[in-house]
Amino acid sequence: KERAELGIIQAYLPAALSDEDLAKIIADAVAEVAASGATGPSAMGAVMKIVSPQVSGRADGGAVAAAVKSALA
């Protein structure tokens, strides 16, 4: 019964982002922030500000933050 309910609920959820799609969004955001002069770990907030609205509801926030931190290292 629960599996049937899960199938119904999943039909209404947005599709999850693949790792490749997430990496591309993060890379684009890092490049955009770097163009304005911010680099390294200090640019984390600026990158997250760009990435968060694009991945909202489609990726885990903790995983996104870890991927951004890795990209900025």
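Our structure is the block above this text.
Described in the following lines is the structure provided in the data block. Every value quoted in this text rests on a predicted model; they were computed, and no experiment measured them. (Residues numbered from 1 in each chain as written. Predicted model: local features only at pLDDT ≥ 70, side-chain atom pairs only at ≥ 80, totals over all residues. Heavy atoms only, no water.)

**Notes on helix α3 (residues 44–55)**
A rise of 1.5 Å per residue sets the reference length of α3, with its twelve residues, at 16 Å; its end C-alpha atoms lie 16 Å apart and thus fit the reference within 8%. All of the buried residues along α3 are Val 47, Met 48, Val 51 and Val 55. Along the axis of α3, the buried residues cluster in a sector spanning 95 degrees; they form a single face. Across α3 from its buried face, at more than 90 degrees, point the exposed residues Lys 49 and Pro 53. (Helix = DSSP H or I, 4+ residues; strand = E, 2+ residues; numbered from the N terminus. Expected span 1.5 Å × (residues − 1). Buried < 20%, exposed > 50% of the residue type's maximum accessible area, 1.4 Å probe, protein only. Arc of directions from axis to C-beta.)

**A few points about the environment of Ser 42**
Inspection of the secondary structure assignment puts Ser 42 in the loop between α2 (19–35) and α3. The exposure class of Ser 42 is exposed, given its relative accessible area of 66%. Taking the C-alpha atoms as reference, Ser 42 lies 24 Å from Asp 19; in sequence the two are 23 residues apart.

**Thoughts on α2**
With 17 residues, α2 extends 24 Å between its outermost C-alpha atoms, agreeing within 8% with the 24 Å of an ideal straight helix rising 1.5 Å per residue. Taken together, the buried positions of α2 are occupied by Leu 22, Ile 25, Ile 26, Ala 29, Val 30 and Val 33. End-on, the buried residues of α2 take up no more than an arc of 135 degrees, which puts them together on one face. Looking at α2, the residues exposed on the side facing more than 90 degrees away from the buried face are Glu 20, Lys 24, Glu 32 and Ala 35.

Just geometry here; none of it tells us what the structure is for.
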